[in-house]
Amino acid sequence: MTGRKRIKGFVLCSLLFMFSALFFRVQPVSAGSLPPGAEIKSESAVNDYAAVYTGEQIAAFEQKMQAMREEYDCNVVAFLINSDEWSASAPSAPELVSERYLDLDAHKSTVVLWLNICPRNRTLDVLGYGTAERKIDDSDADELAIKLQDYVKRQQSGSPGDFSLYVEMMDTFLSETDAEMRKPFFYLTWQFHLLLGAVAGLIVILVLLRNVGGKMTTNGMTYMDQSNSGLIGRRDIYTHTTYVRTKKSSSSSSGGGGRSRGGHSHSHGGGRF
């Protein structure tokens, strides 16, 4: 009887373990976003799942990324994939991968490059978290993404075996990111712009006050012969009416940052191209 109870207990524990494993198992980030079982590097890394770079090139890129992380705590991570899954090029794909696999709270700033080189499903996105959200805002991220997309377009229209433009693209991404992240944060705050406007206004007022000091020696009657001059009549003549029309702006852009599902605010530029 004791043996049967042990067997029943063992079977019950096994079923509970299997149920827990199925229920709490890690779900895929997004269908087709990353290769199944892919090893993900989350610190100053190039995750090249598209086999674009050599080991030496990746090591050189990661050395520059590590220097940025050590100097001003900016974690730069790149993901390169080659997937025809539509979800892999959705704007939410890099956001979900960043939330799940990167520790966004461990660094002062995080910059993510997401590139899908599949010609039928091509996309390139740049995301900025932490202080990078302001130093590389939506406009800056979009401008940088468009510049990097041009490298990809020219690369894919050239020789299939030559990946030199992909190397130039990554070098440009790292140098542009380094330059933007070195900007003093104070210059980007609204307090600085308010102070700058106040100083400019004060300078204008001081210049006006300085030029007011002259004495007027003439007036409206100085050059008029009062005995032979005078106002003989007055009339108003209607000429025309001016209408000003303002065209309503309509934006169809699907880019831009916001707050991801994990609760992290970020900037976002780029998309399908």
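In short, a report on the structure.

Basis of the calculations
Residues numbered from 1 in each chain as written. Predicted model: local features only at pLDDT ≥ 70, side-chain atom pairs only at ≥ 80, totals over all residues. Heavy atoms only, no water. Patch = residues over 30% accessible without salt bridge, like charges linked within 9 Å, V, L, I, M, F, W, Y side chains within 5 Å. Areas by Shrake-Rupley, 256 points an atom, 1.4 Å probe, with all protein chains shown as cover. Salt bridge = Lys/Arg side-chain N within 4 Å of Asp/Glu carboxyl O. Lys, Arg positive; Asp, Glu negative; His and termini not counted. Charge placed at Lys NZ, Arg CZ, Asp CG, Glu CD. Helix = DSSP H or I, 4+ residues; strand = E, 2+ residues; numbered from the N terminus. Contact = heavy atoms within 4.5 Å. Axes fitted to C-alpha atoms, helices over the stretch in contact; angles between N-to-C directions. Parallel < 35°, antiparallel > 145°, perpendicular 65-115°, else oblique. Left-handed = near helix turned anticlockwise from the far one by under 90°. Nonpolar A, V, L, I, M, F, W, Y, C, P; charged D, E, K, R; others polar. Buried < 20%, exposed > 50% of the residue type's maximum accessible area, 1.4 Å probe, protein only. Pairing = 2+ DSSP bridges.

## Thoughts on a negative patch on the surface
On the surface, a cluster of negative charge is contributed by Asp137, Asp138, Asp142 and Glu143. Relative to the helices and strands, Asp142 resides in helix H5 (residues 138-156).

## Side note on the environment of Gly271
Along the chain, the position of Gly271 falls in strand S6 (residues 265-272). Separated by 146 residues in the primary sequence, Gly271 and Asp125 have C-alpha atoms spaced 5.5 Å apart. Ignoring any residue separated from it by four or fewer positions in sequence, one finds Gly271 in contact with Arg122, Thr123, Leu124, Asp125 and Gln149.

## Remarks on the packing of H5 against helix H6 (residues 164-181)
Put simply, H5 and H6 touch, their axes get as near as 8 Å, and they point 165° apart. On the basis of the axis angle, H5 is roughly antiparallel to H6. For H5 against H6, the interelement crossing comes out right-handed. Taking contact as the criterion, the partners of Asp140, Leu144, Lys147, Leu148, Tyr151, Val152, Arg154, Gln155 and Gln156 in H5 are, on H6, Ser164, Leu165, Tyr166, Glu168, Met169, Thr172, Phe173, Glu176, Thr177 and Glu180. Broken down by class, the residue content of the contact of H5 with H6 amounts to eight nonpolar, five polar and six charged.

## So, the pairing of strand S3 (residues 109-116)
With respect to burial, S3 is a largely interior element, eight of its eight residues being buried. By the bridge criterion, eight bridges tie strand S2 (residues 74-81) to S3 in an arrangement that is parallel. Bridged to Phe79 within S3 is Trp114. Summarising the sheet, S3 and strand S4 (residues 123-130) pair through eight bridges and their orientation is antiparallel. Bridge pairing links Val111 to Gly128 in S4. Counted along the chain from S3 to the antiparallel partner S4, the turn is six residues long.

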